[in-house]
Amino acid sequence: MTTPNLFYSDLKDSYLFYNIAQKTKAYLNEHPDTHLYRMGIGDVSLPLCGAVIEALHEAVDDQAQAGTFHGYMPECGAPFLREAIAEYYRTRGVTLSPDEVFVSSGASDELGDILDLFDRSNTSLVIEPAYPAYVDANIMGGRKIVHVSSGRENGFLPAPDDNIKADILYICSPNNPTGAVFNRTQLKEWVDYANRNGSVILFDAAYEAFIEDDSLPHSIFEIDGARTCAIEICSLSKTAGFTGTRLGYTVIPKELERRGMNLNSMWVRNRTTKTNGVSYIIQKGAAAVFTSEGQQQIHSNIRIYKQNAACLMSAFDELGIWYCGGKNAPYIWIKCPDGLTSWEFFDLLLNEIQVVGTPGQGFGECGEGYFRFSTFGSPEDTKIAAERIKQLLKK
Ligand code: PLP
(Lines give C-alpha, C1' and ligand atoms only; values in the text may rest on other atoms or scores of the structure.)
Protein backbone atom coordinates (compact mmCIF):
# COMPACT_ATOMS: atom_id res chain seq x y z
CA MET A 1 0.00 0.00 0.00
CA THR A 2 1.18 3.51 -0.75
CA THR A 3 2.53 5.32 2.29
CA PRO A 4 1.79 9.05 2.15
CA ASN A 5 4.21 11.60 3.56
CA LEU A 6 3.52 10.90 7.22
CA PHE A 7 5.00 14.23 8.27
CA TYR A 8 1.78 15.90 7.09
CA SER A 9 0.13 14.51 10.21
CA ASP A 10 2.54 16.66 12.27
CA LEU A 11 1.08 19.85 10.76
CA LYS A 12 -1.03 21.89 13.13
CA ASP A 13 -4.28 23.30 11.78
CA SER A 14 -3.81 26.94 10.93
CA TYR A 15 -6.57 28.61 12.89
CA LEU A 16 -5.46 32.17 12.25
CA PHE A 17 -7.11 33.09 8.96
CA TYR A 18 -9.87 30.51 9.45
CA ASN A 19 -10.83 32.04 12.79
CA ILE A 20 -10.71 35.56 11.38
CA ALA A 21 -12.99 34.52 8.53
CA GLN A 22 -15.39 32.72 10.92
CA LYS A 23 -15.61 35.63 13.33
CA THR A 24 -16.15 38.23 10.61
CA LYS A 25 -18.76 36.01 8.94
CA ALA A 26 -20.64 35.59 12.23
CA TYR A 27 -20.51 39.35 12.79
CA LEU A 28 -21.87 40.06 9.31
CA ASN A 29 -24.65 37.51 9.78
CA GLU A 30 -25.77 39.38 12.87
CA HIS A 31 -25.20 42.82 11.35
CA PRO A 32 -26.02 42.53 7.66
CA ASP A 33 -25.18 45.54 5.47
CA THR A 34 -22.39 46.61 7.83
CA HIS A 35 -19.18 47.75 6.15
CA LEU A 36 -16.04 46.20 7.63
CA TYR A 37 -12.73 48.07 7.55
CA ARG A 38 -10.34 45.29 6.59
CA MET A 39 -6.89 46.12 7.88
CA GLY A 40 -5.80 42.49 8.01
CA ILE A 41 -5.35 41.79 4.34
CA GLY A 42 -2.00 40.70 2.96
CA ASP A 43 -3.18 41.22 -0.62
CA VAL A 44 -2.71 44.43 -2.55
CA SER A 45 -5.62 46.64 -3.58
CA LEU A 46 -4.06 48.75 -6.37
CA PRO A 47 -4.01 47.43 -9.95
CA LEU A 48 -0.89 46.73 -12.00
CA CYS A 49 0.89 49.86 -13.21
CA GLY A 50 0.65 51.17 -16.78
CA ALA A 51 4.13 50.06 -17.88
CA VAL A 52 3.38 46.46 -16.87
CA ILE A 53 -0.04 46.43 -18.52
CA GLU A 54 1.45 47.76 -21.76
CA ALA A 55 4.21 45.12 -21.72
CA LEU A 56 1.67 42.37 -21.04
CA HIS A 57 -0.46 43.49 -24.00
CA GLU A 58 2.57 43.59 -26.29
CA ALA A 59 3.60 40.12 -25.15
CA VAL A 60 0.13 38.76 -25.91
CA ASP A 61 0.43 40.22 -29.42
CA ASP A 62 3.86 38.58 -29.78
CA GLN A 63 2.21 35.24 -29.12
CA ALA A 64 -0.18 35.85 -32.04
CA GLN A 65 2.53 35.92 -34.75
CA ALA A 66 4.78 33.06 -35.84
CA GLY A 67 7.79 35.40 -35.98
CA THR A 68 7.49 36.57 -32.37
CA PHE A 69 5.77 33.57 -30.81
CA HIS A 70 7.48 31.92 -27.79
CA GLY A 71 6.93 28.36 -26.71
CA TYR A 72 8.70 26.83 -23.73
CA MET A 73 10.78 29.39 -21.88
CA PRO A 74 14.20 28.63 -20.38
CA GLU A 75 13.58 26.82 -17.08
CA CYS A 76 15.64 29.22 -14.96
CA GLY A 77 14.13 32.36 -16.51
CA ALA A 78 14.25 34.40 -19.72
CA PRO A 79 17.67 36.01 -20.24
CA PHE A 80 16.03 39.44 -20.71
CA LEU A 81 14.46 39.23 -17.24
CA ARG A 82 17.48 37.70 -15.48
CA GLU A 83 19.59 40.53 -16.92
CA ALA A 84 17.06 43.20 -15.90
CA ILE A 85 17.04 41.86 -12.33
CA ALA A 86 20.85 41.69 -12.17
CA GLU A 87 20.90 45.31 -13.37
CA TYR A 88 18.40 46.27 -10.63
CA TYR A 89 20.81 44.83 -8.05
CA ARG A 90 23.71 46.69 -9.69
CA THR A 91 21.96 50.03 -9.06
CA ARG A 92 22.10 49.07 -5.39
CA GLY A 93 25.81 48.27 -5.54
CA VAL A 94 25.37 44.47 -5.67
CA THR A 95 27.09 42.69 -8.55
CA LEU A 96 25.34 39.53 -9.69
CA SER A 97 25.75 37.49 -12.80
CA PRO A 98 22.36 36.94 -14.54
CA ASP A 99 22.78 33.19 -14.10
CA GLU A 100 22.73 33.69 -10.34
CA VAL A 101 19.14 34.96 -10.73
CA PHE A 102 16.37 32.36 -11.07
CA VAL A 103 12.90 33.48 -12.14
CA SER A 104 10.06 31.83 -10.21
CA SER A 105 6.29 32.02 -10.04
CA GLY A 106 6.42 33.62 -6.62
CA ALA A 107 8.16 33.57 -3.28
CA SER A 108 5.73 31.11 -1.69
CA ASP A 109 6.39 28.50 -4.36
CA GLU A 110 10.10 29.04 -4.03
CA LEU A 111 10.21 28.99 -0.22
CA GLY A 112 8.79 25.48 -0.37
CA ASP A 113 10.64 24.22 -3.45
CA ILE A 114 14.10 25.45 -2.38
CA LEU A 115 14.11 22.94 0.47
CA ASP A 116 14.83 20.29 -2.19
CA LEU A 117 18.43 21.48 -1.95
CA PHE A 118 18.76 20.37 1.66
CA ASP A 119 18.88 17.01 3.34
CA ARG A 120 16.11 16.09 5.75
CA SER A 121 18.66 15.83 8.58
CA ASN A 122 19.16 19.61 8.62
CA THR A 123 17.65 21.69 11.40
CA SER A 124 15.81 24.87 10.41
CA LEU A 125 15.78 27.99 12.55
CA VAL A 126 12.68 30.17 12.40
CA ILE A 127 12.59 33.57 14.08
CA GLU A 128 9.12 34.10 15.52
CA PRO A 129 6.68 35.75 15.11
CA ALA A 130 6.99 34.39 11.58
CA TYR A 131 5.32 34.02 8.21
CA PRO A 132 3.58 30.64 8.81
CA ALA A 133 4.84 28.96 5.60
CA TYR A 134 8.42 28.64 6.95
CA VAL A 135 7.34 26.31 9.72
CA ASP A 136 4.85 24.28 7.70
CA ALA A 137 7.18 23.70 4.74
CA ASN A 138 9.79 22.26 7.12
CA ILE A 139 7.28 20.09 8.93
CA MET A 140 6.19 18.65 5.56
CA GLY A 141 9.83 17.92 4.81
CA GLY A 142 10.29 16.19 8.16
CA ARG A 143 12.90 18.65 9.41
CA LYS A 144 13.53 19.61 13.00
CA ILE A 145 12.69 23.26 13.71
CA VAL A 146 14.30 25.53 16.27
CA HIS A 147 11.90 28.33 17.18
CA VAL A 148 13.71 31.52 18.20
CA SER A 149 11.47 34.04 19.95
CA SER A 150 11.82 37.74 19.38
CA GLY A 151 10.20 40.55 21.31
CA ARG A 152 9.97 44.21 22.08
CA GLU A 153 13.25 44.07 24.03
CA ASN A 154 15.19 43.44 20.79
CA GLY A 155 12.80 45.31 18.49
CA PHE A 156 11.74 41.89 17.10
CA LEU A 157 15.23 41.63 15.56
CA PRO A 158 17.10 38.99 17.57
CA ALA A 159 20.84 38.44 17.28
CA PRO A 160 22.19 34.96 16.57
CA ASP A 161 23.21 32.85 19.53
CA ASP A 162 26.18 30.54 19.08
CA ASN A 163 24.66 28.13 21.59
CA ILE A 164 21.80 27.49 19.18
CA LYS A 165 22.89 25.39 16.21
CA ALA A 166 20.89 25.28 13.01
CA ASP A 167 21.64 24.56 9.36
CA ILE A 168 18.93 26.52 7.52
CA LEU A 169 18.19 30.00 8.85
CA TYR A 170 15.08 31.92 7.85
CA ILE A 171 15.42 35.69 7.93
CA CYS A 172 12.59 37.88 6.70
CA SER A 173 13.46 41.56 6.45
CA PRO A 174 11.39 43.76 6.20
CA ASN A 175 9.47 41.35 8.32
CA ASN A 176 6.01 39.96 7.98
CA PRO A 177 4.30 40.32 10.48
CA THR A 178 6.34 42.79 12.56
CA GLY A 179 7.51 45.23 9.86
CA ALA A 180 10.92 45.31 11.62
CA VAL A 181 14.01 45.60 9.38
CA PHE A 182 17.52 44.34 10.18
CA ASN A 183 20.23 46.98 9.82
CA ARG A 184 23.62 46.19 8.27
CA THR A 185 25.36 45.49 11.57
CA GLN A 186 22.63 43.12 12.73
CA LEU A 187 22.52 41.32 9.39
CA LYS A 188 26.30 41.00 9.37
CA GLU A 189 26.06 39.13 12.69
CA TRP A 190 23.75 36.57 11.07
CA VAL A 191 26.00 36.29 8.01
CA ASP A 192 29.05 35.71 10.24
CA TYR A 193 27.13 33.16 12.31
CA ALA A 194 26.10 31.30 9.13
CA ASN A 195 29.63 31.28 7.72
CA ARG A 196 31.07 30.16 11.08
CA ASN A 197 28.61 27.30 11.39
CA GLY A 198 28.31 26.32 7.73
CA SER A 199 24.60 27.19 7.74
CA VAL A 200 22.64 28.63 4.84
CA ILE A 201 20.43 31.71 5.26
CA LEU A 202 17.16 31.80 3.34
CA PHE A 203 16.64 35.55 3.14
CA ASP A 204 13.06 36.50 2.36
CA ALA A 205 13.16 39.96 0.79
CA ALA A 206 9.53 40.04 -0.38
CA TYR A 207 9.12 43.55 1.05
CA GLU A 208 12.49 45.14 0.16
CA ALA A 209 10.87 47.79 -2.05
CA PHE A 210 9.14 49.27 1.00
CA ILE A 211 12.42 50.31 2.62
CA GLU A 212 12.78 54.08 2.56
CA ASP A 213 15.62 54.53 5.05
CA ASP A 214 18.79 54.58 2.89
CA SER A 215 20.95 53.07 5.60
CA LEU A 216 18.97 49.81 5.67
CA PRO A 217 19.93 46.89 3.40
CA HIS A 218 17.43 45.78 0.72
CA SER A 219 19.42 42.65 -0.06
CA ILE A 220 21.52 40.33 2.06
CA PHE A 221 24.12 40.54 -0.69
CA GLU A 222 24.85 44.11 0.42
CA ILE A 223 26.54 42.44 3.41
CA ASP A 224 30.14 41.18 3.15
CA GLY A 225 30.35 37.42 3.35
CA ALA A 226 26.75 36.73 2.23
CA ARG A 227 27.80 35.18 -1.08
CA THR A 228 29.13 32.13 0.74
CA CYS A 229 26.10 31.58 2.98
CA ALA A 230 22.87 33.04 1.59
CA ILE A 231 20.03 32.52 -0.83
CA GLU A 232 17.67 35.45 -1.40
CA ILE A 233 14.01 34.94 -2.24
CA CYS A 234 12.08 37.87 -3.71
CA SER A 235 8.65 38.57 -5.09
CA LEU A 236 6.89 41.15 -7.25
CA SER A 237 3.64 40.45 -5.39
CA LYS A 238 3.68 43.40 -3.02
CA THR A 239 6.33 45.43 -4.85
CA ALA A 240 4.40 45.63 -8.10
CA GLY A 241 0.94 44.18 -7.42
CA PHE A 242 1.73 40.73 -8.87
CA THR A 243 -0.18 38.72 -6.23
CA GLY A 244 -2.52 37.40 -8.94
CA THR A 245 -0.11 37.72 -11.86
CA ARG A 246 2.61 35.65 -10.10
CA LEU A 247 6.32 36.29 -10.45
CA GLY A 248 9.26 36.09 -8.11
CA TYR A 249 13.00 35.56 -8.30
CA THR A 250 15.66 33.83 -6.29
CA VAL A 251 19.36 34.64 -6.09
CA ILE A 252 21.85 31.83 -5.51
CA PRO A 253 25.49 32.95 -5.72
CA LYS A 254 27.95 30.69 -7.49
CA GLU A 255 30.23 30.67 -4.44
CA LEU A 256 27.58 28.97 -2.31
CA GLU A 257 28.82 25.44 -1.67
CA ARG A 258 28.29 22.90 1.08
CA ARG A 259 30.15 19.57 1.37
CA GLY A 260 31.71 20.16 -2.04
CA MET A 261 28.35 20.61 -3.77
CA ASN A 262 27.46 23.84 -5.54
CA LEU A 263 23.97 25.07 -4.69
CA ASN A 264 23.64 27.24 -7.81
CA SER A 265 24.37 24.22 -10.08
CA MET A 266 22.08 22.03 -8.01
CA TRP A 267 19.25 24.57 -8.44
CA VAL A 268 19.82 24.65 -12.23
CA ARG A 269 19.49 20.85 -12.19
CA ASN A 270 16.37 21.10 -10.01
CA ARG A 271 14.66 23.69 -12.19
CA THR A 272 15.47 21.94 -15.47
CA THR A 273 13.91 18.80 -13.99
CA LYS A 274 10.92 20.21 -12.15
CA THR A 275 9.67 23.18 -14.17
CA ASN A 276 9.31 24.36 -17.73
CA GLY A 277 9.67 27.98 -16.71
CA VAL A 278 7.37 30.94 -16.16
CA SER A 279 5.21 32.12 -19.06
CA TYR A 280 6.75 34.49 -21.61
CA ILE A 281 3.88 36.95 -21.19
CA ILE A 282 4.31 37.25 -17.42
CA GLN A 283 8.09 37.55 -17.68
CA LYS A 284 7.64 40.41 -20.19
CA GLY A 285 5.28 42.13 -17.75
CA ALA A 286 7.82 41.61 -14.96
CA ALA A 287 10.68 43.03 -17.02
CA ALA A 288 8.67 46.26 -17.33
CA VAL A 289 8.82 46.63 -13.53
CA PHE A 290 12.59 47.08 -13.80
CA THR A 291 12.48 49.87 -16.42
CA SER A 292 12.80 53.42 -15.12
CA GLU A 293 9.16 54.07 -16.04
CA GLY A 294 8.09 50.88 -14.23
CA GLN A 295 10.12 51.78 -11.14
CA GLN A 296 8.55 55.24 -10.98
CA GLN A 297 5.06 53.81 -11.33
CA ILE A 298 5.42 51.02 -8.77
CA HIS A 299 6.89 53.48 -6.30
CA SER A 300 3.98 55.84 -6.74
CA ASN A 301 1.70 52.91 -5.79
CA ILE A 302 3.93 52.05 -2.84
CA ARG A 303 3.64 55.70 -1.73
CA ILE A 304 -0.12 55.26 -1.47
CA TYR A 305 0.37 52.30 0.88
CA LYS A 306 2.94 54.39 2.78
CA GLN A 307 0.32 57.12 3.26
CA ASN A 308 -1.96 54.48 4.75
CA ALA A 309 0.90 53.52 7.07
CA ALA A 310 1.48 57.15 8.04
CA CYS A 311 -2.20 57.57 8.83
CA LEU A 312 -2.27 54.53 11.14
CA MET A 313 1.09 55.36 12.74
CA SER A 314 -0.05 58.88 13.60
CA ALA A 315 -3.13 57.40 15.31
CA PHE A 316 -0.93 55.06 17.38
CA ASP A 317 1.48 57.91 18.21
CA GLU A 318 -1.41 60.03 19.42
CA LEU A 319 -2.67 57.14 21.56
CA GLY A 320 0.81 56.40 22.96
CA ILE A 321 0.64 52.82 21.69
CA TRP A 322 3.94 51.00 21.10
CA TYR A 323 4.49 49.74 17.57
CA CYS A 324 7.18 48.79 15.11
CA GLY A 325 7.11 48.61 11.31
CA GLY A 326 5.14 50.92 9.05
CA LYS A 327 8.02 53.14 7.99
CA ASN A 328 10.03 50.62 5.96
CA ALA A 329 7.40 47.91 5.64
CA PRO A 330 3.73 47.54 4.74
CA TYR A 331 2.84 46.13 8.17
CA ILE A 332 2.46 47.83 11.54
CA TRP A 333 2.83 45.65 14.61
CA ILE A 334 1.33 47.10 17.75
CA LYS A 335 1.25 46.15 21.43
CA CYS A 336 -2.39 45.58 22.30
CA PRO A 337 -3.59 48.26 24.74
CA ASP A 338 -4.64 47.61 28.35
CA GLY A 339 -2.99 44.19 28.50
CA LEU A 340 -5.52 42.67 26.10
CA THR A 341 -4.63 39.41 24.37
CA SER A 342 -4.40 39.43 20.57
CA TRP A 343 -7.83 37.81 20.15
CA GLU A 344 -9.48 40.01 22.81
CA PHE A 345 -8.25 43.05 20.89
CA PHE A 346 -9.48 41.50 17.63
CA ASP A 347 -12.97 41.06 19.13
CA LEU A 348 -12.96 44.59 20.55
CA LEU A 349 -12.09 46.17 17.18
CA LEU A 350 -14.58 44.04 15.27
CA ASN A 351 -17.50 44.45 17.65
CA GLU A 352 -17.04 48.11 18.58
CA ILE A 353 -15.69 49.78 15.43
CA GLN A 354 -15.95 47.13 12.67
CA VAL A 355 -12.20 47.14 12.04
CA VAL A 356 -10.59 43.79 11.18
CA GLY A 357 -6.89 43.16 11.78
CA THR A 358 -4.68 40.14 12.42
CA PRO A 359 -4.01 38.80 15.93
CA GLY A 360 -0.25 38.52 16.51
CA GLN A 361 -0.63 35.25 18.40
CA GLY A 362 -1.30 33.52 15.07
CA PHE A 363 2.32 34.10 14.01
CA GLY A 364 3.82 32.20 16.97
CA GLU A 365 3.29 32.24 20.73
CA CYS A 366 5.61 35.23 21.26
CA GLY A 367 3.16 37.22 19.13
CA GLU A 368 0.55 36.99 21.93
CA GLY A 369 -0.49 40.46 23.08
CA TYR A 370 0.40 42.00 19.69
CA PHE A 371 -1.64 42.83 16.62
CA ARG A 372 -0.79 43.33 12.93
CA PHE A 373 -2.26 46.04 10.73
CA SER A 374 -1.75 45.84 6.99
CA THR A 375 -1.46 49.01 4.92
CA PHE A 376 -2.64 47.44 1.66
CA GLY A 377 -6.28 48.53 2.09
CA SER A 378 -7.91 51.52 0.43
CA PRO A 379 -6.86 55.00 1.66
CA GLU A 380 -10.52 55.83 2.42
CA ASP A 381 -11.03 52.79 4.64
CA THR A 382 -7.66 53.24 6.31
CA LYS A 383 -8.46 56.86 7.25
CA ILE A 384 -11.81 55.91 8.72
CA ALA A 385 -10.32 52.90 10.54
CA ALA A 386 -7.58 55.10 12.07
CA GLU A 387 -10.18 57.65 13.24
CA ARG A 388 -12.36 54.92 14.75
CA ILE A 389 -9.39 53.35 16.55
CA LYS A 390 -8.51 56.76 18.03
CA GLN A 391 -12.04 57.40 19.22
CA LEU A 392 -12.40 53.90 20.70
CA LEU A 393 -9.11 53.85 22.55
CA LYS A 394 -9.29 57.43 23.84
CA LYS A 395 -12.41 56.50 25.79
N1 PLP B 1 7.21 35.93 1.96
C2 PLP B 1 6.53 36.72 2.79
C3 PLP B 1 7.21 37.22 4.01
C4 PLP B 1 5.21 37.06 2.54
O5 PLP B 1 4.55 37.85 3.40
C6 PLP B 1 4.59 36.57 1.38
C7 PLP B 1 3.19 36.88 1.05
O8 PLP B 1 2.44 37.42 1.81
C9 PLP B 1 5.33 35.74 0.54
C10 PLP B 1 6.64 35.44 0.85
C11 PLP B 1 4.71 35.13 -0.68
O12 PLP B 1 4.83 35.92 -1.78
P13 PLP B 1 4.33 35.42 -3.21
O14 PLP B 1 3.03 36.11 -3.46
O15 PLP B 1 5.40 35.86 -4.15
O16 PLP B 1 4.17 33.95 -3.19
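Each remark here, short or long, concerns the structure printed above.
Report on the accompanying structure. (Residues numbered from 1 in each chain as written. Predicted model: local features only at pLDDT ≥ 70, side-chain atom pairs only at ≥ 80, totals over all residues. Heavy atoms only, no water.)

### Thoughts on the overall build of the chain
And step 1. Within the chain, the secondary structure is distributed over 12 helices and 15 strands.
And step 2. The C-alpha atoms of the chain give 21 Å as radius of gyration, which agrees with the globular expectation for 395 residues (21 Å, within 12%).
And step 3. For the chain, the C-alpha atoms occupy an extent of roughly 60 × 55 × 55 Å along the three principal directions.
And step 4. Per-residue burial for the chain yields a buried fraction of 53% across its 395 residues.
And step 5. When contacts within the chain are restricted to residue pairs at least 6 apart in sequence, long-range pairs at least 24 apart make up 73% of them.
And step 6. A total accessible area of about 17400 Å² is found for the chain, and carbon and sulfur atoms account for 50% of it.
And step 7. With 35 positive and 49 negative side-chain charges, the chain shows a spacing of 2 Å between the two charge centroids. (Helix = DSSP H or I, 4+ residues; strand = E, 2+ residues; numbered from the N terminus. Rg over C-alpha atoms; globule rule 2.2 N^0.38 Å. Buried < 20%, exposed > 50% of the residue type's maximum accessible area, 1.4 Å probe, protein only. Contact = heavy atoms within 4.5 Å. Areas by Shrake-Rupley, 256 points an atom, 1.4 Å probe, with all protein chains shown as cover. Lys, Arg positive; Asp, Glu negative; His and termini not counted. Charge placed at Lys NZ, Arg CZ, Asp CG, Glu CD.)

### Looking at the nonpolar core
And step 1. The biggest cluster of nonpolar side chains holds 90 residues, and the ones touching the most others in it are Ile201, Phe242 and Phe373.
And step 2. Split by domain, the residues of this core number at least three in each of domain 1 (13-48 + 294-394) and domain 2 (50-290).
And step 3. Among all residues touching Ile201, those that are not within four sequence positions of it are Leu169, Ile171, Trp190, Val191, Ala194, Ile220, Cys229, Ala230 and Ile231.
And step 4. Phe118, Ile139, Ile145 and Ile231 belong to the second-largest nonpolar core, a separate cluster that totals 25 residues. (Core = buried A, V, L, I, M, F, W, Y, C linked by side-chain atoms within 4.5 Å. Domains from an automatic or database assignment.)

### Focus on the sheet that holds strand S4 (residues 144-149)
And step 1. The strand order across the open sheet formed by 7 strands is S2-S8-S7-S6-S5-S3-S4, and the pairing between neighbours is mixed. Bordering the open sheet on either side are strand S2 (101-104) and S4, each of which pairs with just one other strand. For this sheet the average axis-to-axis angle between neighbouring strands, irrespective of direction, equals 20°.
And step 2. Packing of helix H6 (residues 184-197) onto the sheet brings it into contact with strand S3 (123-128), strand S5 (168-172) and strand S6 (200-204), and relative to S5 it is tilted by some 170°. (Pairing = 2+ DSSP bridges. Axes fitted to C-alpha atoms, helices over the stretch in contact; angles between N-to-C directions.)

### Considerations on a negative patch on the surface
And step 1. Taken together, the side chains of Glu54, Glu58, Asp61 and Glu293 present a region of like negative charge at the surface.
And step 2. Exposure remark for Asp61: the relative accessible area of 52% places this residue in the exposed category. (Patch = residues over 30% accessible without salt bridge, like charges linked within 9 Å, V, L, I, M, F, W, Y side chains within 5 Å. Salt bridge = Lys/Arg side-chain N within 4 Å of Asp/Glu carboxyl O.)

### Things to note about the environment of Asp224
And step 1. You can see Asp224 is positioned in the loop between S6 and strand S7 (230-235).
And step 2. Under the relative-accessibility criterion, Asp224 is labelled exposed at 60%.
And step 3. C-alpha of Asp224 to C-alpha of Ala55: the two residues are 169 residues apart in sequence and 36 Å apart in space.
And step 4. Setting aside residues no more than four positions away along its own chain, Asp224 makes contact with Lys188 and Val191.

### Comments concerning the side chain of Gln354
And step 1. Structurally, Gln354 is set in the loop between helix H11 (342-353) and strand S13 (355-356).
And step 2. Those residues in contact with Gln354 that sit more than four places away from it in its chain are Tyr27, Thr34, His35, Leu36, Tyr37, Leu349 and Arg388.

### Things to note about the side chain of Glu208
And step 1. For Glu208, the position within the fold is in the loop between S6 and S7.
And step 2. The buried category is assigned to Glu208, whose relative accessible area is 5%.
And step 3. A polar contact of 3.4 Å, which involves the side chain of Glu208, links it to the side chain of Arg92.
And step 4. Apart from the residues lying within four places of it in its own chain, the contact partners of Glu208 are Tyr88, Arg92, Pro174, His218 and Tyr249. (Polar contact = N/O pair within 3.5 Å; in protein donor to acceptor, adjacent residues only side chain to side chain.)

### Considering the pattern of salt bridges
Working definition: two side chains of opposite charge can pair if their charged atoms are close together.
And step 1. Counted according to the given criterion, the structure contains 18 salt bridges.
And step 2. A salt bridge links Glu208 to Arg92, with the shortest nitrogen-to-oxygen separation between them at 3.4 Å. Of this pair, Glu208 sits in the loop between S6 and S7 while Arg92 sits in the loop between helix H3 (79-90) and S2, placing them 116 residues apart in sequence.
And step 3. Overall, Arg92 belongs to the partly exposed group, its relative accessible area being 28%.
And step 4. Arg246 is the partner of Asp109 in a salt bridge, and the nearest nitrogen-oxygen pair spans 3.3 Å. Of this pair, Asp109 sits in helix H4 (residues 107-113) while Arg246 sits in the loop between helix H7 (237-240) and strand S8 (248-251), placing them 137 residues apart in sequence.

### Some points on helix H10 (residues 292-319)
Helical geometry note: an α-helix holds 3.6 residues per turn, so side chains three or four residues apart project in the same direction.
And step 1. If you check H10, its first and last C-alpha atoms are 40 Å apart, about what 28 residues at 1.5 Å a residue would give, namely 40 Å.
And step 2. All buried positions along H10 are accounted for by Gly294, Gln295, Ile298, Ile302, Tyr305, Lys306, Asn308, Ala309, Leu312, Met313, Ala315 and Phe316.
And step 3. Residue Gly320 follows H10 closely and has a positive phi angle near 70°. (Expected span 1.5 Å × (residues − 1).)

### Here we look at the site of the ligand
And step 1. In the vicinity of the ligand, 15 residues are found, and the nearest of them are Asn176, Asp204, Tyr207, Ser235 and Ser237.
And step 2. Within the side chain of Ser237, one N or O atom sits 2.6 Å away from an oxygen atom of the ligand.
And step 3. Protein chains bury 92% of the 390 Å² of accessible surface belonging to the ligand in isolation.
And step 4. Mapped onto the shell around the ligand, the elements with two or more residues apiece are H4 and H7.
And step 5. Per-element tally for the shell around the ligand: the top contributor is H4, with 3 residues.
And step 6. Its residues assigned to classes, the shell around the ligand shows 7 nonpolar, 5 polar and 3 charged. (Near = heavy atom within 4 Å. Nonpolar A, V, L, I, M, F, W, Y, C, P; charged D, E, K, R; others polar.)

### Structural notes on the sheet that holds strand S11 (residues 323-325)
And step 1. On the basis of which strands lie adjacent, the open sheet formed by 4 strands has the order S11-S12-S15-S14 and antiparallel pairing. Looking at strand neighbours, the two that pair on one side only are S11 and strand S14 (358-359), the edges of this open sheet.

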